[in-house]
Structure formats: C-alpha cells, structure tokens
Amino acid sequence: MEENKDIKPTKVDYKAVFKEIRKRRKLYYKTLPIAFVISSLFILSIPRYYTSETKLAPETEKSPTSKLGTLASTFGMNLNDMSTSDAITPLLYPDLMEDNGFITNMFKFKVVNKDSTLSTTYYDYIKNHQKMAWWDYISESIAQLFKSDEDGVESKNFDPYRLSKIDGGIAKYISNNVTISTDKKTGVITITVKDQDPVICKTIADSVKNRLQTFITLYRTNKARIDYNYYLNLTEKAKAEYDKACKIYGQYGDTNTDLVLSSYRVKMEDLENDMQLKYTTYTTLNKQLETAKAKIQENTPAFITLKGAQVPILPTGPKRMVFVLIMLFLTFLGTTTYIMREIVK
C-alpha cells in the first residue's frame, strides 16, 4: 500500500469568498430588515420592569467565638453562624420566599403607582393591573373561556397552604420577583424586588423588609414571650388570691374586734400567715414577670438599614437595543453561513 506522504492543507481563498458574498449581498438586504422588524416587534411587546434593592443587618446573638470572628472572616468563615443557638440562621432567611404563609402575607400590602392613579393591594395589582405581551393577552383570553369559579384570597376559608390556581400563580409570580439573599461572611440581608412600576417596586422592597424584621423579632423573642405570658397568668392568679386573703382577714378582724378568746387570736394568726404567704408568692412571681419582660427586650434584635430602597429612574430590562443588535448579528451570521454552504456546493 502506498502512503500519503505530504498532505497539504486546503487553502481558503478569502478574496474569492468575499467576492461571492458581495455578489449575493441582496440576500442581506432582505434578511436583516426582516430580522430588525420582527425582533423590534417582539421586544417592544415585552413590558419593561424596574429593580429596587435594600440591605439590612440584623443583630446576631453573642457567642463564645465572637472574639475569633474577625480572624475567621478572613478565611471566609462565619463562626457566629456555627455557634448560634438559633434554629433559623440568617442563611435560611432566603428560604422564606418558598413558604406560602410568608408570601401570601404580601397580598395585603398597600401599593400606589407612579402616577397615583391606582391605589390598591399588591394582590389586586398583580391580578388585574399587570401589562402583558400581546401573545399573553391571547392565551389569557383563551384561558378565561375555560376558567372555573375558584375561592380566592378574599374567601373566608382562605388557606395559604391550599391555594387556588389563581392565587397559586400570583404567589409564584411574587416568589420569582422578590428575592432575599444573605451574605455568608457578613450576614447582610439583601432584598431585591422587580416590578413594572418603579414606585411600587420601592414600596414592596420596604414592605418586605419590614415584614422580615417582624418575622425575625417574633422568632427571637418567641421563648421570652411564652415565659412572660406564663408568669403573667400566674401573677394575676396570685394577686387575686392575695386580695381575697386580705379581704377575709380584714372582715374577720372587723367582726371580732372585741373578742379576746384564744381561739380568736389563733384564727387571726392563721389568716395573717396565709395572707403573708400569698403576698410572698405574689411578689416572687411579680419579680419573675418583670424579669421575663426584660428578657423580651433583651432578645429583641436591632436592625441597621445599610441601603434604603430607592425609586429606580431607569428600567432594568428588557435591554431592547442589545436584543435587536444580537438578533441582527445572528441573522447576519446565519445568512453568511447559508451563502458559504451554497459556495461550497
């Protein structure tokens, strides 16, 4: 068998290729304008949206490793998160946007649009006042023909964990447009909201921040509030028993003022001892009640807003010019590839 010794690579005559492309340039005059018109109609049909962001840092629990926190942070570690006694750490706060109970709480947020022509709830705004692309209007109209009556958020039997199809879609829309993230090193919580109206975008960012602060505060003070309510109940009962003992002691003394019998003195001493015992119990429980009340304040975290939500001036997307330019480039590339294949043939 003979071996091919010197196989020379095929040379491409770029000059001839460009000459052939130039001959068929009329094809570009057809494809590029068509691509421009179609891409423009497509991207202009998609409503623009805005983004607003706010950042806050909640107070964390003191831990024995707090002195090593600065050193550990240089290695990308957060010892406070590892040593905290909280069942829900700041790293789990983003998971709240997966809980229907937390999301449906946003349904009642009050919103006002940029022009102040609309004042309603966030639920009604998403359901009835959202802009859509023309193809979405068509699919929505078709869906309306087959839609059955369902209990919505206004139903008396509303259950956040058993949502209707409509409410479930709105909850999913919110979870896709409202995000909560936590920096693993610093513990800073970032809330980002995307919406079609810039003012509503900022309003929801502030509302979610307040809702998250309330959630964190209730969680941190939950045990202390349970203790406080427990001691409050005991203290009220002890106070009622002490008042009752005082009344019995006073009435018995007034009724038997002139008696000097030993049985009378013994009875008075018993009533007085019982009254003193109930007073001691009442004062002890009252001190524990005050301690529990102070514990609530101690466990209430302080929040620092590092970045307040702003009303965005420019829309975040869609990037219309970028999209059209990309489509024109792809069309040019596709047309060139088609011409090259014709030349090869």
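Report on the accompanying structure. (Residues numbered from 1 in each chain as written. Predicted model: local features only at pLDDT ≥ 70, side-chain atom pairs only at ≥ 80, totals over all residues. Heavy atoms only, no water.)

Counting its secondary structure elements, the protein chain contains 12 helices and 6 strands. Residue burial in the protein chain is summarised as follows: out of 345 residues, 30% are buried. Residue pairs at least 24 apart in sequence account for 76% of intrachain contacts in the protein chain once pairs closer than 6 positions are excluded. Accessible area for the protein chain stands at about 23,900 Å²; split by element, carbon and sulfur atoms hold 57% of it. (Helix = DSSP H or I, 4+ residues; strand = E, 2+ residues; numbered from the N terminus. Buried < 20%, exposed > 50% of the residue type's maximum accessible area, 1.4 Å probe, protein only. Contact = heavy atoms within 4.5 Å. Areas by Shrake-Rupley, 256 points an atom, 1.4 Å probe, with all protein chains shown as cover.)

Counting 31 residues, the largest nonpolar core has Y122, I174, I180 and I204 as the members making the most contacts within it. The set of elements that each furnish at least two residues to this core consists of α5 (100-104), α6 (122-128), α8 (165-177), β4 (178-182), β5 (189-195) and α9 (198-220). Of all the elements, α9 adds the most residues to this core, at 7 residues. (Core = buried A, V, L, I, M, F, W, Y, C linked by side-chain atoms within 4.5 Å.)

Let us now look at the sheet that holds β5. One open sheet accounts for 4 strands, arranged β4-β5-β1-β6; its pairing is antiparallel. Either end of the sheet is taken by a strand with one partner, and the two such strands are β4 and β6 (303-307). Averaged over all neighbouring strand pairs, the angle between strand axes comes to 25°, with direction disregarded. Across 5 bridges, the pairing between β4 and β5 is antiparallel. The residue of β5 that forms the bridge with V178 is V193. Lying over the sheet, α8 contacts β4 and β5, oriented at roughly 45° with respect to β4. Relative to β5, α9 is tilted by about 145°, and along the sheet it contacts β1 (50-58), β4, β5 and β6. (Pairing = 2+ DSSP bridges. Axes fitted to C-alpha atoms, helices over the stretch in contact; angles between N-to-C directions.)

Tracing the backbone shows P58 in strand β1. Once the C-alpha coordinates of P58 and T217 are considered, the two residues, 159 residues apart in sequence, prove to be 9.6 Å apart. Look past the residues within four positions of P58 in its chain and what remains in contact with it is G187, I189, A302 and F303.

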